[in-house]
Amino acid sequence: MNEFLNLLQNGIPLNFKLAESFTQILASLLKLNVLILRKNHYFLRKQFCIGRVELARKGYGFVLPLPKSNKQDWLVEKNLLKGAQKGDIVLAKLLTKGDSNRPRAKVLSILESKDKFVLCYLEKYKLDCIAISIPNEIPYKIKASQKSLKTLPSNTILKLNPKNGEILEILGTLEDSQIDETLTLSLYDRQESFNLSAQLQAESFQEVRIKDFKERINCTHLPFCAIDPLGAKDHDDAVYFDAESSTLYVAIADVSYYVPQDSPLDLEARNRGFSIYFPHKSIPMLPRALSENLCSLNAGKLRLAMVWKMRLHKRTKAVLNSELFEAVVKVRQKLTYEEVDELLESGKSKQILPALKKPLLHLHTLAQKLRAKRLKKGFDFLGDEKSMELDKNLELKNIKIESQTPSHQLVEECMLLANMQSAKLQTQRTTANDESLKLGIYRVHSQPKPAGITELFTELKLLGIWEKVIPFRDFHQAILNVQRAAKLANMESEMDKLIIKSMPQASYASHNIGHFGLGFEVYSHFTSPIRRYSDLLLHRILKAKIQLNEDSTHKESLPTLCEDLSQKEREVAKIEMEFKDRKFARFLSQRIGQAFIGFVSNDSTPEIVSLVTPPLQGARVLCLKGKGVKYQKVRIQIIEVNIATAKIYGRIVESYNESCFGIASEQISTYLFAKSSQKERQKQQKAKEKAQKTMQRAKRYKRNRHTNSQSFVRHKCKGR
C-alpha cells in the first residue's frame, strides 16, 4: 500500500502499468470519484485523504495521512468510522473543522484491513463478562456464552476478532509477569517463531569447509577478534589491525550467501526488518540456526564473511586505498568490552590471547586518532544505556547504567569506517548506463531545522547555559561549546539528550543527503546484517557491484523498502520501550502510596515525571495532581497503576528549587519563574482564543437566525 500511495502522491500516469493489486485499488478510487485527472496523471482530490486509523479510548478515531507528512490528523467520530479498526488503511472525506481547528472527517471505504485481531483483557462488569481492548480500553462484546466466560480468571488476555467478537486465542492472565513478552509482541503483531519454510531453509546449510569455497580469499591466518557485550550470541563483526602495514581489516558476516533474494528466509527477514532485544532475550530477524550459529562469527569456527581491507596513512590516518572481498575467516577469540577495557587501561590481561594484545593496543591508538578527526565535523554524544535486569520470574530487579568506554569507541570507529567505505562504493559509477543504478540504501541525517535550533537555544538561555545569539550559522561549534560547559557542570548525559531531541531522526533513504550528526558526506549501514535487513540489502548491492553484474530491476523497489525500514526501525524501538514500561508498571503496582524522586520532562499538562530513583530510572509517571515545570526536580507519589495499558499515575507531593541538570539554585529559580510565567501566559492565551471562538459562534448563530426570520417573513408576504 505504501508503494501505491507514493505513486499517487506524485501522480499516477494515465496509461501506467500497475501491479494487479494496485490496479484494483485505483479502480475502486475511480468508482468513488475521489481522483482528479491533471496533465494525464491521477491525483487524490484535496477534500479526501488516505491514511491509517488510530482509535481513542472513547471510541472515536483519527486518520493519520499516508505517506507520512506534516499534514494534521483527521478526527473521525465513532459513528462515522464505518467499522474501521486500529491499523486499517482507509479513504476519508473532510467534513469541516471543529472547535479545536482539527479537521473532522468520515470514513468512506476501508482499503486495507490491518488488524486480524484485537488484544483484550476480560473484565467482569455487573453480571456479564466483556472484553476491554489494550491499550485503548474500548469495550467489545464476546461471541461466547457468559457461562463459559465466567469460568475464565478475571483479566484473562484474549485475541479477539474485532468484527464478530469471536475468541481467536487465550494468551494468559495479566497477573502473570511472564506474559509481558507475549503481550508486547502481540500488540505489534510480532512473533518469535518462524514459518516452516524459512526454518527448514535455515537448517539446510552445512558447516563451512574451505575446500567448498576456493573462489573466496582465505583469511583464516589473520588473528581476528570479536568484541561484544557479555551474553551476546549474534556476532556480526570482527576486527584486526596490522600496525606494520597500517592496514585495518573489518570482517562482517556474509548473511547474503545464506539468504537469497525472495527466498522464504528473505521474505521473513524483510517482514521483520530488525532483531528485537528484550532484557532477557532477543527475538532475532533470522532463525537462530543462522543468527547464533552459521552466520555468527563464533570463535574457532570457519565462517563466510565480507571483508573490508583498508590501508591507512600512518600519520593522518586517511584511507589510502580500500578493497571489499568475499572471504573465509576464523575468529581467534570472542571478547567482552570489559576484557578489552582492562587491557587498554593496564596494558595487561590474563583473559586475552597473547597474539591479540599488541594488535588491540595499536588499534586503540588508531581509533582515538580516527575519533578526534571525525569530531572536527561530527558530534560525540554520551552513549549511556540503561540495561534492565530481571529476576527468575521476569520481574524488575535492577537498572544497570552502561557508559561508553574506550573499548566501545574502538569498535565504533572501525564500524563507522567500514560503513562509510561501503556507502562510497555504492556511489561509484558503474559501466552500465542506467539511471536507476544510482539508487542505493543510505543512512541519512538532515541538518536541524531553524525551529529546532531556536527551541534548543531558547531553553539553554533560560537555563543560563547559553548567553549569545541563536547560532544558525555555526551550529556545530556552538554545540561543542555547550557540551564543554555541560562537562564542567557534570551534566553531559542530560545535555546530550536535550541536544539530540532538537535534531531530526536518522533514517534510511534511496538517495544520499549525507549524515549531519556524524559529519559524513555519505554513510550507510553495512556492519550488522544478522540483525538489520538494511545491511543485508547493502551486502547484495555491493556484491553485485564488485562482481560487475548490477541489476537495475532490483533497485526500483529501494525507495519503498527504505521507507518501510525506517518505519520498522521506529516500531522496534517502540516494542522494546513497551516491554520496559510494562516491567516498570508491574514493579510500581506493588508500591502504591510510595513516593519517588524524578523530574518533569514535558512542557504541557498533564505533566510527565521521569523517575531517577533506582531501579526505576526511565520510568514515566503521568501526573494527575500537583504542578511543576520542565526539568524541575520533584517527589511524586504513586496513586494508581494500570498493568493492562502500562500506565502509571501519580501526584506531585513536593517540588524542589532544583533541576535535573544540577544547576545552582539561584539560576534555576530564575528559570523556574520564567517557565511558570510562560506556562501561565499560554494558559491565558488559550482561554482568550476559546472565548473569542465562542463569541464568533454566537454572532454567526445570531446572524443566521436573523437571516432565517427575514426569509420567513418574505415567504409569508409572497403567500398573501
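Residues numbered from 1 in each chain as written. Predicted model: local features only at pLDDT ≥ 70, side-chain atom pairs only at ≥ 80, totals over all residues. Heavy atoms only, no water.

Undergrad: Talk me through the overall build of the protein chain; I want residue IDs and the actual numbers.
TA: When helices and strands are counted, the protein chain shows 18 helices and 31 strands. Taking 720 residues into account, the globule formula puts the C-alpha radius of gyration at 27 Å, and the protein chain, at 29 Å, falls close to it. Counting over 720 residues, the protein chain shows a buried share of 48%. Taking all contacts inside the protein chain whose residues are at least 6 apart in sequence as the whole, residues at least 24 apart take part in 64%. Put simply, the protein chain shows about 37700 Å² of open surface, and 51% of that area lies on carbon and sulfur atoms. One way to put it: in the protein chain the 115 positive side-chain charges average out to a point 9 Å from where the 80 negative ones average out. (Helix = DSSP H or I, 4+ residues; strand = E, 2+ residues; numbered from the N terminus. Rg over C-alpha atoms; globule rule 2.2 N^0.38 Å. Buried < 20%, exposed > 50% of the residue type's maximum accessible area, 1.4 Å probe, protein only. Contact = heavy atoms within 4.5 Å. Areas by Shrake-Rupley, 256 points an atom, 1.4 Å probe, with all protein chains shown as cover. Lys, Arg positive; Asp, Glu negative; His and termini not counted. Charge placed at Lys NZ, Arg CZ, Asp CG, Glu CD.)

Undergrad: Quick one: what's the story with helix 7 (residues 264–272), residue by residue and with numbers?
TA: Among the residues making up helix 7, those that are buried are Leu265, Asp266, Glu268, Ala269 and Arg272. For helix 7, the arc enclosing every buried residue in end-on projection is 165 degrees, short of the 170-degree limit, so these residues lie on one face. Along its buried surface, helix 7 packs onto helix 5 (196–202), helix 6 (255–258), strand 19 (282–283), helix 8 (288–294), helix 15 (533–546) and helix 17 (558–589). Note on helix 7: the residue one or two positions beyond its end, glycine 273, has a positive phi of about 80 degrees. (Arc of directions from axis to C-beta.)

Undergrad: Hey, could you go over empty space enclosed by the protein for me, with residue numbers and the actual values?
TA: Counted under the stated rule, the structure contains three cavities of 30 Å³ or more. Considered as a void within the structure, the largest cavity measures approximately 60 Å³ in volume. The wall of the largest cavity is formed by Asp189, Arg190, Gln191, Asn271, Arg272, Phe274, Ile276, Ile283 and Pro284. Class assignment of the residues belonging to the lining of the largest cavity gives a composition of four nonpolar, two polar and three charged. (1 Å grid on protein atoms, 1.4 Å probe; cavity = no way out; pocket = protein on both sides within 12 Å on 5 of 7 lines; lining within 4 Å. Points joined across faces, edges and corners; volume = space filled by probe spheres on them. Nonpolar A, V, L, I, M, F, W, Y, C, P; charged D, E, K, R; others polar.)

Undergrad: Could you give me a rundown of the pattern of salt bridges, with the residues and numbers involved?
TA: Under the defined criterion, the tally for this structure stands at 31 salt bridges. A salt bridge links arginine 209 to aspartate 212; its shortest N-O distance comes to 2.8 Å. Across the pair lysine 568 and aspartate 564 runs a salt bridge, and its minimum N-O distance is 2.8 Å. Pair noted here: lysine 568 and aspartate 564 are both in helix 17, with a separation of four residues, about one helical turn. One salt-bridge network, in which partners are shared between bridges, spans Glu181, Glu192, Lys281, Arg288 and Glu292. (Salt bridge = Lys/Arg side-chain N within 4 Å of Asp/Glu carboxyl O.)

Undergrad: Could you give an account of the environment of phenylalanine 213, with specific residues and numbers?
TA: Assignment of secondary structure puts phenylalanine 213 in the loop between helix 5 and strand 14 (217–218). In this structure phenylalanine 213 comes out as buried when scored by relative accessible area, which is 9%. With 112 residues separating them along the chain, phenylalanine 213 and phenylalanine 325 place their C-alpha atoms 13 Å apart. Beyond its immediate sequence surroundings of up to four residues, phenylalanine 213 is in contact with Val208, Tyr257, Leu304 and Val328.

Undergrad: Which residues make up a negative patch on the surface, and what are the values?
TA: Taken together, the side chains of Glu338, Asp384, Glu385 and Glu402 present a region of like negative charge at the surface. Relative to the helices and strands, glutamate 385 resides in strand 23 (residues 385–390). (Patch = residues over 30% accessible without salt bridge, like charges linked within 9 Å, V, L, I, M, F, W, Y side chains within 5 Å.)

Undergrad: I'd love a proper account of the packing of helix 9 (residues 337–346) against helix 11 (residues 406–427), names of residues and values included.
TA: Running from N to C, helix 9 and helix 11 point in directions that differ by 105 degrees, and their axes come no closer than 8 Å. Regarding the angle of helix 9 to helix 11, the classification is roughly perpendicular. Contacts between helix 9 and helix 11 involve Tyr337, Val340, Asp341 and Leu344 from the first element and Pro406, Ser407, His408, Leu410 and Val411 from the second. Here the contact of helix 9 with helix 11 is composed, by residue class, of six nonpolar, two polar and one charged. (Axes fitted to C-alpha atoms, helices over the stretch in contact; angles between N-to-C directions. Parallel < 35°, antiparallel > 145°, perpendicular 65-115°, else oblique.)

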